[in-house]
Structures are given as structure tokens and as C-alpha cells.
Amino acid sequence: MDVSQKRRIARLKRQARVRKKVRGTADCPRLSIFRSAKHIYAQIIEDSTGRTLAAASTIGKEVEGLNNGGNVGAAKSVGTAIAKKALDQNITKVVYDRNGFLYQGRVQALADAAREAGLKL
């Protein structure tokens, strides 16, 4: 097993451990993120119905003018965009699901930008 497979398995273990505790309800949906090498994605999900209420990513139209979708600046743009979409739907409070990723770098920048835009995590 090479290093990348070990990292992926470790992330999936962290994801399962966190997902046991983190659930999104109608009052407080879940803000789930996914980070790849080139892009970052964010979704607001209501787990009771399984619906995605809002979504934003570096490949979407809401975040334009990015040369590189895999840096901290792009993550801040996605955080601001997802917070704006959530506030448009009267969603002010969400629970943050980092999806097994470590809370640093782009994951932290997205959360901080969403907080600054008015979303309570």
C-alpha cells in the first residue's frame, strides 16, 4: 500500500468518525466540504430529507476570475459564495462537516470566510 492509499484510508476513517456525531437538521443543516488538488466544493445539506439546499465550488459560475481553484484564495471565495446562498434562503446557522480533512489551510479558510460573511458555524 503506497502513501496516497494510506492517506485516503485515514481520511475515510476520520470522515466516518465525525459523521457519527455531525447531522444536519431542518433548523441547522450541515455544511459539507470536499477538497481535491485542483478544486474545493461546499454543500449545505439537510440530512433528514437528503436534500442539498445550496452548493458552491471553484468550478461553478458563482466563483469566477480564479486562475487556480486549489489555493486559499479560492477557498475564501467559495466560503463567501456558500454563505451568501445560505443567507438568501434564510439559513443562518449550520454545522460544519470537514469531511475527514484536517482543519487547516483551505478547509479553515473556507470556514472562516463563511463566518465572516454572516454564517454561524
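Below or above, wherever it landed, is the structure these notes cover.

Conventions used here
- Per chain, residues are indexed from 1 in the order of the written sequence.
- For this predicted model, a pLDDT threshold of at least 70 governs which residues receive local features, and a threshold of 80 or more governs which side-chain atom pairs are given and counted, while totals over whole chains, interfaces and linings are taken from all residues.
- The side-chain figures draw on all heavy atoms in the structure; neither hydrogens nor water molecules are used.
- Note on aromatic pairs: the rings of Phe, Tyr and Trp (six-membered ring only in Trp) are paired at centre separations within 6.5 Å, and the planes decide the class, stacked below 30 degrees, edge-to-face beyond 60, tilted for the rest.
- In this scheme, a residue with accessible area under 20% of its type's maximum is buried, one over 50% is exposed, and one in between is partly exposed, where area comes from a 1.4 Å probe on protein chains only.
- Whether two strands pair comes down to DSSP finding at least two bridges between them.
- The helix and strand labels rest on DSSP assignments: H or I over at least four residues marks a helix, E over at least two residues marks a strand, and numbering proceeds from the N terminus.
- Counted as positive: Lys and Arg. Counted as negative: Asp and Glu, with His and the chain ends omitted from the count.
- Note on definitions: salt bridges are taken to be side-chain nitrogens of Lys or Arg within 4 Å of carboxyl oxygens of Asp or Glu.
- Contact between two residues is taken to exist if any of their heavy atoms lie within 4.5 Å; hydrogens are not considered.
- The set of buried Ala, Val, Leu, Ile, Met, Phe, Trp, Tyr and Cys residues whose side-chain atoms join them within 4.5 Å is what this entry labels a nonpolar core.
- As a rule, the C-alpha atoms of each element are fitted with a line to give its axis, helices using only the stretch in contact, and angles between N-to-C directions run from 0 to 180 degrees.

1. A word on the packing of aromatic side chains
Stage number 1. Across all of its chains, the model carries three aromatic pairs by this definition.
Stage number 2. Seen in terms of ring centroids, Phe-34 and Tyr-41 are 6.1 Å apart; in terms of plane orientation they differ by 35°. Their pairing is tilted.
Stage number 3. Ring centres of Tyr-96 and Tyr-103 lie 6.3 Å apart, and the angle between their planes is 85°; on these two criteria the pair is classed as edge-to-face.
Stage number 4. A relative accessible area of 16% means that Tyr-96 is categorised as buried.
Stage number 5. Residue Tyr-103 is classed as partly exposed on the basis of its relative accessible area, which comes to 37%.
Stage number 6. Three or more aromatic residues link up through ring pairs in this structure, and these residues are Phe-34, Tyr-41 and Phe-101.

2. Some thoughts on the pairing of strand S3 (residues 51-57)
Consecutive side chains of a regular strand alternate in pointing toward one face of the sheet and then the other.
Stage number 1. Judged from the six bridges that link them, strand S2 (residues 40-46) and S3 form a sheet pairing that is antiparallel. Paired with Gln-43 across the strands is Ala-55, a residue of S3.
Stage number 2. Taking the residues that link successive antiparallel strands as the turn, the S2-S3 hairpin has four residues, and the phi of Gly-50 there is positive, at about 80°.

3. What to know about the side chain of Glu-46
Stage number 1. Inspection of the secondary structure puts Glu-46 in strand S2.
Stage number 2. For the buried Glu-46, no salt bridge exists, and the shortest N-O distance to an oppositely charged side chain is 5.0 Å, to Arg-51.
Stage number 3. When residues no more than four places from it in sequence are discounted, the contact partners of Glu-46 are Gly-24, Thr-25, Ala-26, Pro-29, Arg-51 and Leu-53.

4. A closer look at the nonpolar core
Stage number 1. Of all hydrophobic cores here, the largest spans 25 residues; its most connected members are Ile-44 and Leu-110.
Stage number 2. The greatest single-element share of this core, amounting to six residues, is contributed by helix H2 (residues 72-88).
Stage number 3. Look past the residues within four positions of Leu-110 in its chain and what remains in contact with it is Ile-33, Ile-40, Ala-42, Ala-75, Val-78, Gly-79 and Tyr-96.

5. Thoughts on the environment of Gln-43
Stage number 1. One can find Gln-43 in strand S2.
Stage number 2. Judged by its relative accessible area of 34%, Gln-43 falls in the partly exposed class.
Stage number 3. Along the chain, Gln-43 and Ile-33 lie 10 residues apart, while their C-alpha atoms are 6.4 Å from each other.

6. What to know about the sheet that holds strand S4 (residues 95-97)
Stage number 1. An order of S3-S2-S1-S4 is seen for the four strands of this open sheet, with the pairing classed as mixed. The two strands at the open ends of the sheet, each matched to only one other strand, are S3 and S4. The mean inter-strand angle of the sheet, taken between neighbouring strand axes irrespective of direction, is 20°.
Stage number 2. The pairing of strand S1 (residues 30-35) with S4 spans three bridges and is parallel. Paired with Arg-30 across the strands is Val-95, a residue of S4.
Stage number 3. Packing against the sheet, H2 makes contact with S1, S2 and S3, and its axis sits at approximately 145° to S3.
Stage number 4. Here helix H3 (residues 106-116) sits on the sheet in contact with S1, S2 and S4, set at roughly 145° to S1.

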